[in-house]
Amino acid sequence: MKFSKYYLAALVSFTIWGFFSLALKPLHDYASLDILFYRVFFCAVIMSVISLLGRTKVLKENITIFKNFSPGQRQKITVLTLSGGFLLTANWFFFIYVMNHISVKAASFAYLVCPIMTTVIAFFVLDEKLSKWQWTAVLLSVLSCMLLSFSNIADIAYSLIVAASYAFYLVGQRQNVGLDKFLILTVQIIFSALLLLPFYPVYSEGVPTELSFYALIVVIAVVFTILPLFMNLYALQKVRSSTMGILLYINPLMNFVIALLYFHEPINMVQVAAYSLILLSIIVFNEKYIFGRRRNVIAG
């Protein structure tokens, strides 16, 4: 397999998400639901404006393409797109809650479990085969999660919910083909906004008045939501779900380093060993890209 622009898009998207805590932590005084409400609403407005005003031709072309699909194809795309919007909504809420009310490391643990779930789901649902080296990487990942779970048993339930929601999203969107990826993401975000809208008057704690809140929400909407999600969907056109799952380890690794060096959260040797295994598993799983590419350069 060649190192491609799709693989690069996956790498960059997960690297961007690795810095998410820097924008999210300053909002810890706000309710998790309020952060989710404004994140989704701002994304929906921004993406709707872009699609309606800046990508009118693409919108019209995709409406025509959708109409020309068979009824079965239209139904499949509709179900995958709307279920994707639901899974994103669930993933975002629980991630924000865990990040701001449990710990950064607990949120990171969710994304340690997620790659394993994604790989296993893709193996059974999409019939994605893995090499012996990739299965070795998965086993290393399982071992690292077992090490971390012993010291974070109370966080496992939250972590599994966060992990499962994004794992199913990745696998589902791997099958969601035929239409423009930015348009699909726009529909998912709008659907998410519609799901949350009835809850806003009841569960919102009031309209924030601080300008810094809205500035951070715009950064979260554009930099940490629209951009990496679009790159994820773009990458899924050519990159397997199992590979995307393993690359997702970049996110918790970066979160772990930031939690340690920037937020000064406590650490023990078990966590150091577990995250070292995670780093090793990334290298082993992607050995074709890392060592194969190096061999090609030397041979050339």
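It should be noted that the structure appears before, not after, this text.
Calculation notes
Residues numbered from 1 in each chain as written. Predicted model: local features only at pLDDT ≥ 70, side-chain atom pairs only at ≥ 80, totals over all residues. Heavy atoms only, no water. Helix = DSSP H or I, 4+ residues; strand = E, 2+ residues; numbered from the N terminus. Buried < 20%, exposed > 50% of the residue type's maximum accessible area, 1.4 Å probe, protein only. Contact = heavy atoms within 4.5 Å. Lys, Arg positive; Asp, Glu negative; His and termini not counted. Charge placed at Lys NZ, Arg CZ, Asp CG, Glu CD. 1 Å grid on protein atoms, 1.4 Å probe; cavity = no way out; pocket = protein on both sides within 12 Å on 5 of 7 lines; lining within 4 Å. Points joined across faces, edges and corners; volume = space filled by probe spheres on them. Salt bridge = Lys/Arg side-chain N within 4 Å of Asp/Glu carboxyl O. Patch = residues over 30% accessible without salt bridge, like charges linked within 9 Å, V, L, I, M, F, W, Y side chains within 5 Å. Areas by Shrake-Rupley, 256 points an atom, 1.4 Å probe, with all protein chains shown as cover. Nonpolar A, V, L, I, M, F, W, Y, C, P; charged D, E, K, R; others polar. Polar contact = N/O pair within 3.5 Å; in protein donor to acceptor, adjacent residues only side chain to side chain. Phe/Tyr/Trp six-rings, centres within 6.5 Å; stacked < 30°, edge-to-face > 60°. Disulfide = S-S within 2.5 Å.

Participant: Would you mind going over the overall build of the chain with me for this structure?
Facilitator: A tally of helices and strands in the chain yields 15 helices and 0 strands. For the chain, the spread of C-alpha atoms along the principal axes amounts to about 45 × 45 × 35 Å. The proportion of buried residues among the 300 residues of the chain is 52%. Of the contacts made within the chain by residues no fewer than 6 positions apart, 89% connect residues no fewer than 24 positions apart. Taken together, the 21 basic and 11 acidic charged side chains of the chain have centroids lying 17 Å from each other.

Participant: Looking at this structure, I do not really get the layout of surface pockets. What am I missing?
Facilitator: To find leftover empty space, a probe the size of one water molecule is rolled over the atoms. What the largest pocket holds in volume is close to 230 Å³. Lining the largest pocket we find L59, N62, I63, F66, I77, T78, T81, L82, L179, L183, I184 and V187. Taken together, the elements giving at least two residues each to the lining of the largest pocket come down to helix 4 (56-68), helix 5 (71-101) and helix 9 (181-196).

Participant: Just to check I follow, could you spell out the pattern of salt bridges for this structure?
Facilitator: One pass over the full model with this rule turns up 3 salt bridges. With a closest N to O distance of 2.8 Å, R55 and D180 form a salt bridge. Of this pair, R55 sits in the loop between helix 3 (32-54) and helix 4 while D180 sits in the loop between helix 8 (156-174) and helix 9, and the two are 125 residues apart along the sequence. Given a relative accessible area of 19%, D180 falls into the buried group.

Participant: Looking at this model, I keep getting lost on a nonpolar patch on the surface. Mind explaining?
Facilitator: Taken together, V45, V49, L52 and L53 make up a surface patch of nonpolar side chains, about 410 Å² in accessible area. Turning to its location among the elements, V45 is positioned in helix 3.

Participant: How should I be thinking about unusual backbone geometry in this particular structure?
Facilitator: Note: most peptide bonds trans; most residues except glycine with negative phi. A positive phi angle is found at D127, which is not glycine, with a value near 60°. With respect to the helices and strands, D127 occurs in the loop between helix 6 (104-125) and helix 7 (132-151). Among the residues examined, D127 registers a relative accessible area of 47% and is labelled partly exposed.

Participant: It is not clear to me how empty space enclosed by the protein should be interpreted in this structure. Could you clarify?
Facilitator: One pass over the structure, following the stated rule, counts 3 cavities of 30 Å³ or more. The computed volume of the largest cavity comes to approximately 140 Å³. W17, F20, R39, L88, N91, W92, F95, Y111, Y166, L229, L248 and N251 are the residues that line the largest cavity. The element best represented in the lining of the largest cavity is helix 5, accounting for 4 residues. Class assignment of the residues belonging to the lining of the largest cavity gives a composition of 9 nonpolar, 2 polar and 1 charged.

Participant: It is not clear to me how the side chain of T186 should be interpreted in this structure. Could you clarify?
Facilitator: Take T186: it is sitting in helix 9. Overall, T186 belongs to the buried group, its relative accessible area being 3%. Within polar-contact distance, the side chain of T186 engages the side chain of S51 at 3.3 Å. One polar contact links the side chain of T186 to the main-chain carbonyl oxygen of F182, over a distance of 2.8 Å. Contacts of T186, omitting those with residues within four sequence positions, involve M47, S48 and S51.

Participant: Looking at this structure, how should I read the side chain of S13?
Facilitator: Turning to its location among the elements, S13 is positioned in helix 1 (residues 5-18). Aside from chain neighbours lying at most four places away, what touches S13 is P228, M231 and N232.

Participant: Is there a simple way to explain the environment of S212 in this structure?
Facilitator: With respect to the element layout, S212 can be found in helix 11 (residues 211-235). Expressed as a C-alpha distance, the spacing of S212 and P26, which sit 186 residues apart in the sequence, is 9.4 Å.

Participant: Please explain the packing of aromatic side chains as it appears in this structure.
Facilitator: In this description, an aromatic ring pair is defined by two values, namely the gap between the centres and the angle between the planes. Evaluation of the coordinates by the stated rule reveals 20 aromatic pairs. An angle of 80° between the planes, with centres 5.4 Å apart, marks the rings of F37 and Y200 as edge-to-face. Separated by 163 residues along the polypeptide, F37 in helix 3 and Y200 in helix 10 (residues 200-203) bring together distant segments of the chain. Judged by its relative accessible area of 0%, F37 falls in the buried class.

Participant: Which parts of the structure should I look at to understand the state of the cysteines?
Facilitator: A covalent bond between the sulfur atoms of two cysteines is referred to as a disulfide. For the coordinates displayed, the defined rule picks out 0 disulfides. The thiol of C43 is unpaired, and the distance to the nearest cysteine sulfur, on C114, comes to 19 Å.

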